[in-house]
Amino acid sequence: MTSVDLNSYLTFGYLGWIIAYLITALSGRTAQSARHALFWLLVTLFIVHTGSIGLRWAESYWMGIGHAPLSNLYESLIFFAWTILLALILVWKRFGSDMIVFVGMPLVFIVMASTFLIDSQIRPLIPALQSNWLVAHVLTCFLGYAGFAVSFVAALLLLLVRAWPSASALFPKKTTLDEIVYRSILVGFPLLSLGIITGAAWADHAWGAYWSWDPKETWSLITWLVYAGFLHARLTRGWSGGRTAILSVIGFAAVMFTYFGVNYLPGLHSYF
Amino acid sequence: MKKNIRIQEPVSTGTGSRFFFITKLFTSVRTTITLLFLLAVCAIVGTVIPQGELVQAHGASGPSFANRLVLILDLNNVYRSWWFTSLLVLLAANIMGCLLKRAPLIIEEWKGTTKKSSFSLTFTDHRSVDSLRSILTESVRGVLRCNPETTDSENASVLKWERHRIYLLGFPLIHIAIIIILIGGLIGVFFGFRGHVQIKVNETSSSYALLSTGEIRNLPFTIAVDGFTLTRYPTGEPKEFRSDVRLLNNGKEELKGSILVNHPLTFQGISLYQSDYRVVGISRITLSVANEKGETETFSINPMEPFSLKDYPVEIKIRGFDPGSTQRGAGIELVVMEKDQKPVTLRLYENDAHPVKAGPVKLSFRGHEPTYATGLQVGYDPGSRVVWIGSIMLIVGFIFTLFTNLQRLQIQLVRDRSETRITVSGRSKRMRKEFRESIESAVKTALEQPR
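Residues numbered from 1 in each chain as written. Chains lettered and ligands numbered in written order. Predicted model: local features only at pLDDT ≥ 70, side-chain atom pairs only at ≥ 80, totals over all residues. Heavy atoms only, no water.

Looking at this model, I keep getting lost on the packing of helix H7 (residues 215-237) of chain A against helix H3 (residues 29-48) of chain B. Mind explaining?
Packed helix pairs are specified by the crossing angle of their axes together with the interaxial distance, meaning the distance between the axes. H3 of chain B packs onto H7 of chain A with a crossing angle of 160 degrees between their chain directions and a minimal axis gap of 9 Å. Taken as axis vectors, H7 of chain A and H3 of chain B run roughly antiparallel relative to one another. For the pair H7 of chain A and H3 of chain B, the crossing hand works out as left-handed. Partitioned by chemical class, the residues of the contact of H7 of chain A with H3 of chain B number 16 nonpolar, five polar and two charged. (Axes fitted to C-alpha atoms, helices over the stretch in contact; angles between N-to-C directions. Helix = DSSP H or I, 4+ residues; strand = E, 2+ residues; numbered from the N terminus. Parallel < 35°, antiparallel > 145°, perpendicular 65-115°, else oblique. Left-handed = near helix turned anticlockwise from the far one by under 90°. Nonpolar A, V, L, I, M, F, W, Y, C, P; charged D, E, K, R; others polar.)

Okay, here's the thing in structure tokens:
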């Protein structure tokens, strides 16, 4: 079995998990044991996902073109799904909120399913990507993105609860959601900063300029500015609830544009 | 230190209302937030409008309104425009203002002279000050993992714990780092340069063209290119671009090395980067010649010199070369001169399946060795070191802020007749609720345990 097959099975695994959660919720089985089983099922899927990334890494070495599986859109999507899943599991442990995980899982599923549409072949590394900065840069950026993704999911839930107060019994408490919106960004922001710094260091090494206002760089800065604004508004102006939730949604839109939208603009990150 | 801060105070009380307004503007976080969002919106403009394109100032019917707007606002060069730079300078000034305003508070907090506390609890117990001191020291150690500073007096004792004072450095480090990074960027804009030079293999150059204006400038040394190699993977994708160069000063070799993508060469502070390459000609051509009997022979020839066939009175001259713009691959144009015949011009392509008839023989173009010109990026940026210092400060600042937490705890024990009054007050910069809960439970369990 190749890592590409494994990723296909995982995609259906995630869909299966979402359905299993729905069935448990609808059948009214909110017992601790059912939640426990769902948690460990998700952790198992996460371990398989980790194994799949490791397998792809090994496969590239068997092909004689060994490199970390972070070198094209397919590999980055698989890794993005992995980081979101990691963040969701951490939120489940930290805040005990399985609802957030349920609302976040479709995001993981969509990211995994989108890989069906694109070239999944392992390609050799082009000269521009042959650098030790690759792993540091991609790792920090995507871990940051995962934090923002979780904040976005919590923000959506919070806005939903605010719009329909009658449904609030179904959802986690507003204060918990607000905490998750804020704390995920608190983790994501330094990681994004580190991602931008490692990217700048790499650019300085490869292109001779740490900053060239290429669209991807510019959009990562726009994302950074939005979240910097979020943190200052929250920490010094006392913004919370709906206003910060909207900022979190705007920030995640900027993240998505940095990741995908920029590909439609000309620039140096054309291989991603 | 303290004297400096005292000087700040008359400024904030202000002499005139306008002065007061400006001071407030520069020390307000509301300004910071506005600037952050404004910068984000302005940065989007530059990714939507094409950058670096020249705008026609005078059309047939004079400049259009849109063109005039683009020129006045530098919309074709947003990130170097006067208004974008002003926003960045304003941001730096505002961060500086906020830092100065908060510096006295941070120093006070560092010294521990502040009286603020996050929570305060009182208990009473019948045990003596001495025994309570030892019980509480032991149980608080379980939470704060350090020993208190104790001040004893008659019938009273004050225990003080302090942890992670370094947390207080996080905030100034992060914000000073941003200012330093912005200063580094400005140094680069004013004192650095970026250029490009294209040099043919076996040739030299000591000048480059500025990327921004195209102006030709001189380098303090000469670059001699000894070779350029392009290696491919079996799948055809490029694997390595390598320029072998020597750097000369007045004809004397100073440095010899290779420049690869992701492996620049730096000399006298100026870095050379592999940027691109171009095929500018051919050094050798491989032709195969099939005679009437069907025997084939392959030759490698120098394209500069005419070439005669062995057994036939035929001379061949290469007239032109096409590096391969179509699916037929690289092509050559050659003139076949047979004795007593009119010269014939032929075109051969590398990927053609069938040989082409040339007088008594048939010719095929088998391969060629191109001559390259390597494109090098030339860069000098004295500000980049400043930017890296700022970046490291930023990372250290984040580590302090996220992984440390200033916690202060004071327990006062006062013996009052048959009872000891216990006052617990604590201060935590982050996770206040968690801190209060853990201290409260530690103190309660210590007091509840039997003697």
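Please explain the side chain of Thr374 of chain B as it appears in this structure.
All names here are of chain B. Its location among the elements puts Thr374 in strand E17 (residues 361-380). Among the polar contacts listed, one links the side chain of Thr374 to the side chain of Gln274, at a separation of 3.0 Å. Residues within four places of Thr374 in sequence aside, it is in contact with Val197, Gln198, Ile199, Val225, Phe228, Ser243, Gln274, Asp276 and Tyr277. (Polar contact = N/O pair within 3.5 Å; in protein donor to acceptor, adjacent residues only side chain to side chain. Contact = heavy atoms within 4.5 Å.)

Please explain the packing of aromatic side chains as it appears in this structure.
For any pair of aromatic rings, the description consists of the separation of the ring centres together with the inter-plane angle of the planes. Counting across every chain of the model gives 36 aromatic pairs over all chains. Centre to centre, the rings of Phe39 of chain A and Trp92 of chain A are 5.0 Å apart; their planes meet at 90 degrees, and the pair counts as edge-to-face. Of this pair, Phe39 of chain A sits in helix H2 (residues 32-62) while Trp92 of chain A sits in helix H3 (residues 73-95); the two residues are 53 residues apart in sequence, bridging distant segments of the chain. Given a relative accessible area of 11%, Phe39 of chain A falls into the buried group. Measuring from ring centre to ring centre gives 5.9 Å for Phe189 of chain A and Phe398 of chain B, while their planes differ by 85 degrees; the resulting arrangement is edge-to-face. Of this pair, Phe189 of chain A sits in helix H6 (residues 174-206) while Phe398 of chain B sits in helix H8 (residues 384-403), placing the two residues on different chains. As far as burial versus exposure is concerned, Phe189 of chain A and Phe398 of chain B are alike and both buried. Put simply, the rings of Phe46, Phe79, Phe80, Trp82, Phe142, Tyr145, Tyr259 and Phe260 of chain A touch in pairs and so form one group of aromatic residues. One residue, Arg94 of chain A, lies across the ring of Phe95 of chain A, its end atom 4.9 Å from the ring centre. Sitting above the plane of the Trp110 of chain B ring, Arg165 of chain B keeps its charged end 4.4 Å from the centroid. (Phe/Tyr/Trp six-rings, centres within 6.5 Å; stacked < 30°, edge-to-face > 60°. Buried < 20%, exposed > 50% of the residue type's maximum accessible area, 1.4 Å probe, protein only. Lys NZ or Arg CZ within 6 Å of the ring centre and 35° of its normal.)

I tried to follow H6 of chain A on my own but got confused; where do I start?
Owing to its 3.6 residues per turn, the α-helix brings residues three or four apart onto one side. All names here are of chain A. When the terminal C-alpha atoms of H6 are compared, their 47 Å separation across 33 residues agrees well with the 48 Å that a helix rising 1.5 Å per residue should span. The buried fraction of H6 is high, at 25 of 33 residues. Just past H6, the residue Gly208 takes up positive phi, approximately 85 degrees. (Expected span 1.5 Å × (residues − 1).)

It is not clear to me how the side chain of Asp125 of chain B should be interpreted in this structure. Could you clarify?
All names here are of chain B. Here Asp125 shows up in strand E1 (residues 119-125). At 2.8 Å, the side chain of Asp125 and the side chain of Arg127 are in polar contact. Non-local contacts of Asp125, meaning those with residues more than four positions away in its chain, are made with Leu132, Arg415, Glu419, Thr420, Ile422 and Leu447.

Explain the nonpolar core here, please?
All names here are of chain A. One finds Trp17, Leu42 and Met105 to be the most contacted residues of the largest nonpolar core, which totals 112 residues. Considering every element that reaches this core, the biggest residue donor is helix H5 (residues 133-163), with 15 residues. For Leu42, the contacting residues outside a window of four places in its chain are Trp17, Leu85, Ile89, Trp92, Val101 and Met105. (Core = buried A, V, L, I, M, F, W, Y, C linked by side-chain atoms within 4.5 Å.)

Looking at this model, I keep getting lost on the interface of chain A and chain B. Mind explaining?
Reports of interface size often rely on the accessible area that becomes lost once the parts have come together. Each partner contributes residues to the interface: chain A has 46 residues there, and chain B has 41 residues. Interface area lost by chain A to chain B is led by Pro127, Tyr210 and Trp213 of chain A, which between them contribute 18%. Between chain A and chain B we count two salt bridges in total. Across the salt bridge formed by Glu237 of chain B and Arg123 of chain A, the nearest N and O atoms sit 3.5 Å from each other. Run the count over chain A and chain B and you get twelve residue pairs in polar contact (both at pLDDT 80 or more). Residue contributions to the side of chain A that touches chain B peak at 14 residues, all from H7 of chain A. Per-class residue counts for the side of chain A that touches chain B are 31 nonpolar, ten polar and five charged. (Buried area = accessible area lost by both parts, 1.4 Å probe. Salt bridge = Lys/Arg side-chain N within 4 Å of Asp/Glu carboxyl O.)

When you look at helix H8 (residues 242-259) of chain A in this model, what are you seeing that I'm missing?
Counted at 1.5 Å a residue, the expected span for H8 of chain A with its 18 residues is 26 Å, and the 26 Å between its end C-alpha atoms agrees. Among the residues of H8 of chain A, those classed as buried are Gly242, Thr244, Ala245, Leu247, Ser248, Gly251, Phe252, Ala254, Val255, Thr258 and Tyr259 of chain A. Where the residues of H8 of chain A are buried, they touch H3, helix H4 (98-114), H5, H6 and H7 of chain A together with H3 of chain B.

These figures capture arrangement, not role.
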